[in-house]
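The primary structure of each chain is shown beneath.
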Amino acid sequence: MAVLEPGVDIGELDHPGGIGVRCSGVVHLYRTFEGHDVVALQGVDLAIRPGERVAFLGPSGSGKSTLLTLLGGIQKPSAGRIFLGEHEISRLPEPQLARLRSRRVSTMLQGATRNLLSYATARQNIAFARLALSAAERKQAVPETDLLARVGLEGVADQVVSTMSGGQRQRLALACAVSTSPQLLLADEPTSQLSHDDRDAVIGLVHELGDELGTTIVVVTHQPEVAATFPRTVTMKGGRVGLEGRDGAEYVVIGAEGVVHLPTHLAEQWPQGTLVRIEPETHDDAERLVVSRPPEEQGERP
Ligand code: ADP
Ligand code: MG
């Protein structure tokens, strides 16, 4: 894998459609004011294909937002490697990361207002989001008025953000995020606290971006209705990828060195330290794995 050297143009990442993402052994620690380390991610291995659309699920504190900001190049991992396409962004120097963030990857942070200039108008926010584009790219881009119309904000184009409703802000944040035609769109809970209509409008627009440009899309959500619109789900658990869903069916992921997270109901039934035996068995030509407990321990809890 190529590491982007200082001086290499990020324009090299230019190609139509979405960009693939790969994480390998990603660990992230936060140091608190008291000097303690909090382990937010403890060995994330994940690959997302170009143009794929993924919903990140999982309980609060499981590391979803942290992983999203690492993929968006907003923070660097404490350890491990992150690739966008062929390039290792976890090692990019800051000026190139900044260009990547402003031109190729759009990240919507949790909470719409964190993504917007609250004293500026809707139109000005979009112009600001596009500042890093070249003159030629800006000329080609969808005009601000048309973009605002697509998110139903044509009536408030010249209204200041601080006077807008939550739903309007969230739709504007999305319009800003898509205004640069990114190859990767990362959105952290873009539909929380929205009405059902606003939620459907925002998610509809996210998928339109994927349909039109082939953009790779990752959305963090806790809403089952939103997750159901994604062909793939990744469920985080305690800073790791626990489960993956494909078209509504859930799978346990075999992690590094064969580590697996049990589905929640089994983890509750079999606490840490429980001994289990896993054996393949062929039945009616179908191979399955049979999980059993040692006879002497059945009925006991460790
Ligand atoms: P999620 O988005 O799934 O709720 P986060 O990525 O926000 O999870 O957080 C993962 C873990 O990291 C949690 O234990 C959280 O308390 C901790 N954490 C997140 N941000 C910070 C921070 N800036 N400083 C210290 N700890 C943090
Ligand atoms: Mg979060």
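Residues numbered from 1 in each chain as written. Chains lettered and ligands numbered in written order. Predicted model: local features only at pLDDT ≥ 70, side-chain atom pairs only at ≥ 80, totals over all residues. Heavy atoms only, no water.

*Asks:* Could you clarify how one ought to interpret the overall build of the protein in this entry?
*Replies:* Across its full length, the protein carries 9 helices and 13 strands. For the C-alpha atoms alone, the extent of the protein along its principal axes is close to 75 × 50 × 45 Å. Going through the 302 residues of the protein one by one, you find that 43% of them count as buried. Accessible area of the protein: about 15,600 Å², with a carbon and sulfur share of 52%. Charged side chains of the protein number 29 positive and 38 negative; the gap between the two group centres comes to 6 Å. (Helix = DSSP H or I, 4+ residues; strand = E, 2+ residues; numbered from the N terminus. Buried < 20%, exposed > 50% of the residue type's maximum accessible area, 1.4 Å probe, protein only. Areas by Shrake-Rupley, 256 points an atom, 1.4 Å probe, with all protein chains shown as cover. Lys, Arg positive; Asp, Glu negative; His and termini not counted. Charge placed at Lys NZ, Arg CZ, Asp CG, Glu CD.)

*Asks:* Can you help me understand the coordination of the magnesium ion (ligand 2) in this one?
*Replies:* Each donor-metal-donor angle in an ideal tetrahedron of four donors is 109.5 degrees, and each such angle in an ideal octahedron of six donors is either 90 or 180 degrees. Donor atoms from the polypeptide that coordinate the magnesium ion (ligand 2) comprise Ser-65 (OG) and Gln-110 (OE1), at 2.1 to 2.6 Å from the metal. Of this pair, Ser-65 sits in helix H1 (residues 64-71) while Gln-110 sits in the loop between strand E6 (105-108) and helix H3 (122-129), and the two are 45 residues apart along the sequence. (Donors = N, O, S within 2.8 Å, 3.2 Å for Na, K, Ca; no water.)

*Asks:* Please explain the sheet that holds E6 as it appears in this structure.
*Replies:* Sheet strands pair by backbone hydrogen bonding; their relative direction is either parallel or antiparallel. Ordered by their spatial adjacency, 7 strands build an open sheet running E6-E7-E8-E3-E9-E10-E11, and the pairing between neighbours is mixed. Lying at the two open borders of the sheet, with one neighbouring strand each, are E6 and strand E11 (249-252). Within the sheet, the average angular offset between the axes of one strand and its neighbour, ignoring direction, is 20°. With 6 bridges joining them, strand E9 (residues 232-237) and strand E10 (residues 240-246) adopt antiparallel strand pairing. Residue Arg-232 lies in a different strand from E10, and its bridge partner there is Arg-246. Seen against the sheet, H1 touches strand E3 (53-57), E6, strand E7 (184-188), strand E8 (216-220) and E9 and runs at an angle of roughly 155° to E7. (Pairing = 2+ DSSP bridges. Axes fitted to C-alpha atoms, helices over the stretch in contact; angles between N-to-C directions. Contact = heavy atoms within 4.5 Å.)

*Asks:* Looking at this model, I keep getting lost on the sheet that holds strand E2 (residues 37-48). Mind explaining?
*Replies:* Pairing is antiparallel in the open sheet, where 4 strands are placed in the order E2-E1-E4-E5. The open sheet has two free edges, formed respectively by E2 and strand E5 (87-88), since each of these has just one partner strand.

*Asks:* Help me out: how do you make sense of the pattern of salt bridges in this one?
*Replies:* Any two side chains of opposite charge can pair, on the condition that their charged atoms come close. Taken as a whole, this structure holds 18 salt bridges when the rule is applied. A salt bridge links Asp-158 to Arg-123, with the shortest nitrogen-to-oxygen separation between them at 3.0 Å. With Asp-158 in the loop between helix H5 (144-150) and helix H6 (166-178) and Arg-123 in helix H3, the pair connects residues that are 35 residues apart, well separated along the chain. Taking the shortest distance from any N to any O, the salt bridge between Asp-200 and Arg-199 comes out at 3.4 Å. Ionic contacts of the salt-bridge type, sharing partners, join the residues Arg-49, Glu-52, Arg-232, Glu-244 and Arg-246 into one network. (Salt bridge = Lys/Arg side-chain N within 4 Å of Asp/Glu carboxyl O.)

*Asks:* Just checking my understanding: could you explain the side chain of Thr-107 for this structure?
*Replies:* Within the element layout of this structure, Thr-107 appears in strand E6. A relative accessible area of 19% means that Thr-107 is categorised as buried. Leaving out residues up to four positions away in the same chain, Thr-107 has contacts with Gly-72, Ile-74, Asn-115 and Leu-186.

*Asks:* Could you clarify how one ought to interpret the UniProt feature "domain: ABC transporter" (unreviewed entry) in the protein in this entry?
*Replies:* UniProt feature "domain: ABC transporter" (unreviewed entry): in the numbering of this structure it lies at residues 21-263. Secondary structure content for residues 21-263 is 30% helix and 28% strand, and the end C-alpha separation is 26 Å. (UniProt positions renumbered as here; feature names shortened; annotations may be inferred.)

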